[in-house]
Amino acid sequence: MALLDEKIRAQVQPQAQALIKPVTLHVFTQELECQFCRETRQLAEELAAMAPEKIKVAVHNFVLDKAEVETYKIDKIPALAVVGEQDYGIRFFGIPGGYEFTSLLQAITMVGSGDAGLSQASRMKLGALIKPVNLKVYVTLTCPYCPQAVHLAHQMAMASPLIRAEMIEATEFPHLANRDQIMAVPKVVIDGIGSFEGALPEALFIEKIIALVNGGKT
Amino acid sequence: MPMDFKMDIPSSSALNEGEEKDVVFDMAILGGGPAGLTAAVYAMRKQMSVIMISPDLGGQVLKTSGIENYMGFQYITGAELSQKFSEQAQLFSIKRLQESAIHLKQIENNRFVTRTDGGREITSRTLILATGKRWRKLNIPGEELYLGHGVVNCAVCDAPFFKGLPVVVAGGGNSAASAALDLIRLNCKVTLVNYSPGWQADPVLMKQLQGRVELLDQHQILEIQGEHDRVTGVKLMDRESKREHQLETSGVFIEIGLIPNTEVFKGFVALNEYLEISVDCATRTSRRGVFAAGDCTSVPEKQIIIAAGEGAKAALAAYHYITFQKH
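Residues numbered from 1 in each chain as written. Chains lettered and ligands numbered in written order. Predicted model: local features only at pLDDT ≥ 70, side-chain atom pairs only at ≥ 80, totals over all residues. Heavy atoms only, no water.

Enquirer: In this structure, what is going on with the layout of surface pockets? I would like to understand it.
Expert: Over the atoms a probe the size of a water molecule is rolled, and this reveals where empty space is left. Its boundaries defined by the atoms lining it, the second largest pocket holds a volume of some 1,300 Å³. Surrounding the second largest pocket, 50 residues form its lining, Gly 117, His 151 and Gln 155 of chain A together with Ala 14 and Gln 98 of chain B being those nearest its centre. At the level of secondary structure, the elements contributing two or more residues to the lining of the second largest pocket comprise helix 4 (100–113), helix 5 (120–126), helix 6 (146–159) and helix 8 (202–215) of chain A together with helix 2 (78–89) and strand 5 (95–97) of chain B. When the residues that make up the lining of the second largest pocket are grouped by side-chain class, the tally is 21 nonpolar, 18 polar and 11 charged. (1 Å grid on protein atoms, 1.4 Å probe; cavity = no way out; pocket = protein on both sides within 12 Å on 5 of 7 lines; lining within 4 Å. Points joined across faces, edges and corners; volume = space filled by probe spheres on them. Helix = DSSP H or I, 4+ residues; strand = E, 2+ residues; numbered from the N terminus. Nonpolar A, V, L, I, M, F, W, Y, C, P; charged D, E, K, R; others polar.)

Enquirer: I keep staring at the interface of chain A and chain B and nothing clicks. Help me out?
Expert: Often the size quoted for an interface is simply the accessible area lost on bringing the parts together. With 39 residues of chain A in contact, the opposing surface of chain B contributes 36 residues. When chain A packs against chain B, close to 3,100 Å² is buried across both sides, 61% of that on carbon and sulfur atoms. Considering only the surface of chain A that becomes buried against chain B, Tyr 99, Tyr 145 and Met 183 of chain A emerge as the three largest contributors, covering 23% of it. Between Lys 7 of chain A and Glu 87 of chain B there is a salt bridge, and its shortest N-O distance comes to 3.4 Å. Our count for the contact surface shared by chain A and chain B stands at seven residue pairs in polar contact (both at pLDDT 80 or more). Elements represented by at least two residues in the side of chain A that touches chain B include exactly helix 1 (6–17), helix 4 and helix 5 of chain A. Counting residues per element, the side of chain A that touches chain B draws most heavily on helix 1 of chain A, which supplies five residues. Among the residues making up the side of chain A that touches chain B, the classes are represented as 22 nonpolar, 14 polar and three charged. (Contact = heavy atoms within 4.5 Å. Buried area = accessible area lost by both parts, 1.4 Å probe. Salt bridge = Lys/Arg side-chain N within 4 Å of Asp/Glu carboxyl O. Polar contact = N/O pair within 3.5 Å; in protein donor to acceptor, adjacent residues only side chain to side chain.)

Enquirer: Teacher, can you tell me more about the packing of aromatic side chains here?
Expert: Tallied over the full model, the rule gives eight aromatic pairs over all chains. Relative to Phe 5 of chain B, the ring of Phe 101 of chain A lies with its centre 5.2 Å away and its plane at 75 degrees, an arrangement referred to as edge-to-face. Within this pair, whereas Phe 101 of chain A is found in helix 4, its partner Phe 5 of chain B is found in the segment before strand 1 (24–30), the two belonging to separate chains. With relative accessibility at 0%, the residue Phe 101 of chain A sits in the buried group. For Phe 5 of chain B, a relative accessible area of 7% translates into the label buried. Look at Tyr 70 of chain B and Phe 85 of chain B: their rings are 5.7 Å apart centre to centre, the planes differ by 70 degrees, and that puts the pair in the edge-to-face class. With Tyr 70 of chain B in the loop between strand 3 (66–67) and strand 4 (76–77) and Phe 85 of chain B in helix 2, this pair connects stretches of sequence that are 15 residues apart. The two residues Tyr 70 of chain B and Phe 85 of chain B agree in class, both being buried. One aromatic cluster is present, formed by Tyr 70, Phe 73 and Phe 85 of chain B through successive ring pairs. (Phe/Tyr/Trp six-rings, centres within 6.5 Å; stacked < 30°, edge-to-face > 60°. Buried < 20%, exposed > 50% of the residue type's maximum accessible area, 1.4 Å probe, protein only.)

Enquirer: Teacher, can you tell me more about unusual backbone geometry here?
Expert: Peptide bonds are mostly trans, and most non-glycine residues show a negative phi. In the segment running from Ile 77 of chain A into Pro 78 of chain A, the intervening peptide bond is cis, with an omega of 0 degrees. Position of Pro 78 of chain A among the secondary structure elements: in the loop between helix 3 (66–71) and strand 3 (79–83). Notably, Asn 187 of chain B is not glycine yet its phi reads approximately 60 degrees, a positive angle. Relative to the assigned elements, Asn 187 of chain B resides in the loop between helix 4 (174–185) and strand 12 (189–193).

Enquirer: What should I look at first to understand the packing of helix 6 of chain A against helix 8 of chain A in this one?
Expert: Residue and element names in this part refer to chain A. At a closest axis distance of 11 Å, the pairing of helix 6 and helix 8 adopts a crossing angle of 65 degrees. Relative to helix 8, the crossing made by helix 6 is right-handed. Here Ala 149, Leu 152, Ala 153 and Met 156 of helix 6 lie close against helix 8, whose contacting residues are Glu 202, Phe 205, Ile 206 and Ile 209. Considering only residue class, the contact of helix 6 with helix 8 consists of seven nonpolar, no polar and one charged. (Axes fitted to C-alpha atoms, helices over the stretch in contact; angles between N-to-C directions. Left-handed = near helix turned anticlockwise from the far one by under 90°.)

In structure tokens form, the structure reads like this:
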């Protein structure tokens, strides 16, 4: 049974077919002991089927395909890397369902356009980054405010080679949610540096991250 | 569990950097809830140029679990209804800016300039203020300290983190009862704490809660307590007997009513004693060319269907205002 209904297909297909540059969805999965691996793979394949010339799917076994796991730095599944002409560091850990389907479509559209869509001011601020940053954006699939934070993080990843940005569906990875003390979403965590909660406008979101990374403040 | 997939892609209509320069929109709508979205649809059908300035599309409906009193739907989730609103609005080429207004001023030629928290300045001939309301705070010790660490303002977002745990829901109205029902489904042990005497929630909701949650009527939460960055309990007072007692809990869901998002409008248009924007029966505010609709206004009864209807009225009133000005 298809995951995406006819109505959603009708809306997504024109966008998928209008992509300027090809996009590859690298899906990392395994057959057993993974709650939403099967659905995540199916979701990627249904999207690719809407525009086979524009969207490709590459399925990798998390246990066996060690080279790809290493290349894309995958440490948990289900995982999905949205890759364009290059790997910008855009990741989804956990199924991008519910409100996060919007984040996935936004990531595909952005990578397929070749433009992160950030303002000139934001790009200049990102140029001030002095070290690599791994942004973890914790979400739940019922959180209407989360896609805004996820997309901004992914935009930053595309705009800066120093940034990698991950959506993490908190209920699928309770040990990580517990480790990072997630009890409210969206929450942005920068490993070893700090965190903040809430979806902020672009300028504030970027300022907050730059301040955390360059200032080392929590 | 059936998986659903929600779409809200603003990029096709997003206001590009600098696009607002030298542009005067017919209408700037501040707020993206039922009032703002309905106003947008009505304005677009009148072929007005419209920009919607709002951090989200859906407003409070996004945070509403289930809706049983919006005509045409016997039952629909808040997420689904806001999705339908958004889809209908996005059939038109409405410009959208995902930011919030922080300052308004009137300039020459009866035009208005809205400055946003993203530093943009939008000029328009009319304004529709539809910024809705936000949840009230308890204003008690521990509330700010444990926000995001057990104190919850968005039940639909954060309820999954409390699966199987004891939780307190503060409030006695429909939103509190709905949150309690959601938490029961997650096997939480729920205590519903109502400050006022008598429950304000619809009887149909209260009936579903009977025997499944502990109901504490006329109780005040005095303090939210915690250890190691997490909520561990609350201090309560029975307002009749004045007796205080402790209750162990992992979460406090605050659903105690709403306050209008009108701070930005103070001094720009008249507000009533509840800080709602005063409007007449045609949604006109105290300032010509500025209209208001939905929960942020003085219109009695805060309901989705009423907000939507007021949004339609505001758009038509603004259209008539512009038409009159042109002639």
